[in-house]
Amino acid sequence: QQPVQSPQAVILREGEDAVINCSSSKALYSVHWYRQKHGEAPVFLMILLKGGEQKGHDKISASFNEKKQQSSLYLTASQLSYSGTYFCGTERVNRDDKIIFGKGTRLHILP
Amino acid sequence: DTAVSQTPKYLVTQMGNDKSIKCEQNLGHDTMYWYKQDSKKFLKIMFSYNNKELIINETVPNRFSPKSPDKAHLNLHINSLELGDSAVYFCASSQDMGPNYGYTFGSGTRLTVV
């Protein structure tokens, strides 16, 4: 039931690109993406809804492949401020009012 | 103004004690949640309330009891604390209508049971 995120951890140099994947074995209604910095609360990045879509703001975007129950988060030209742990959260099509989070992907950006 | 505020931020207590964590949101959201984040950073839902009504009650020991006096407040009371209860507890809220109902998290309460 818990979505699977990959990779578990990524180390990049500033300016490089990263892709974080999230997949579920269940049919999904929505996929959420959050970033959590050390010692802080998770912060909402974006949500993608059933119907398959892409979203983005600034240099962070995401896609949702409804047929495969997969979502990917794309970080382009990464900045130091992108460091943190990224969580995807999935909501099933039965809209059971809860988001189940993956185990997170730790992203570390080096100068 | 803080959107979702939790108190206390840190809580250190002995095994067997009873403690409460308070949460308040000023966003006008209808739904509030409690999540537990363990030492491996796994975020696990515990409870969800919608307009003061309990919606989700995951497999959580009944030592944990949520209370929602109104839709802006969701408190968590824990009886007979155990070592395994040590974790960061996050309160969150969402407006569950509309396409952008992301969760807004509080800053967390780090509970340490000794």
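Right, let's walk through the structure included here. (Residues numbered from 1 in each chain as written. Chains lettered and ligands numbered in written order. Predicted model: local features only at pLDDT ≥ 70, side-chain atom pairs only at ≥ 80, totals over all residues. Heavy atoms only, no water.)

**Digging into the overall build of chain B**
So, point 1. Tallying secondary structure elements over chain B gives zero helices and 11 strands in all.
So, point 2. For chain B, the N- to C-terminal ordering of α and β elements is β-β-β-β-β-β-β-β-β-β-β.
So, point 3. The C-alpha atoms of chain B give 13 Å as radius of gyration, which agrees with the globular expectation for 114 residues (13 Å, within 12%).
So, point 4. Principal-axis analysis of the C-alpha atoms gives chain B an extent of 45 × 25 × 25 Å.
So, point 5. Expressed as a percentage of the 114 residues in chain B, the buried residues total 44%.
So, point 6. Residue pairs in contact within chain B that sit at least 24 positions apart in sequence constitute 54% of those at least 6 positions apart.
So, point 7. If you sum the accessible surface of chain B, you get close to 5,600 Å²; carbon and sulfur atoms cover 50% of it. (Helix = DSSP H or I, 4+ residues; strand = E, 2+ residues; numbered from the N terminus. Rg over C-alpha atoms; globule rule 2.2 N^0.38 Å. Buried < 20%, exposed > 50% of the residue type's maximum accessible area, 1.4 Å probe, protein only. Contact = heavy atoms within 4.5 Å. Areas by Shrake-Rupley, 256 points an atom, 1.4 Å probe, with all protein chains shown as cover.)

**What about the interface of chain B and chain A?**
By a widespread convention, an interface's size corresponds to the accessible area lost as its parts come together.
So, point 1. Across the boundary between the two partners, chain B contributes 21 residues, which contact 22 residues of chain A.
So, point 2. For the pair chain B and chain A, the summed buried surface comes to about 1,700 Å²; carbon and sulfur atoms form 57% of the total.
So, point 3. On the surface where chain B and chain A come into contact, there are zero salt bridges.
So, point 4. Between chain B and chain A we count four residue pairs in polar contact (both at pLDDT 80 or more) in total. (Buried area = accessible area lost by both parts, 1.4 Å probe. Salt bridge = Lys/Arg side-chain N within 4 Å of Asp/Glu carboxyl O. Polar contact = N/O pair within 3.5 Å; in protein donor to acceptor, adjacent residues only side chain to side chain.)

**As for unusual backbone geometry**
Residues and elements named next belong to chain A.
So, point 1. S6 connects to P7 through a cis peptide bond whose omega is -10°.
So, point 2. Along the chain, P7 turns up in the loop between β1 (4–6) and β2 (9–13).
So, point 3. Even without being a glycine, Q69 presents a positive backbone phi close to 55°.

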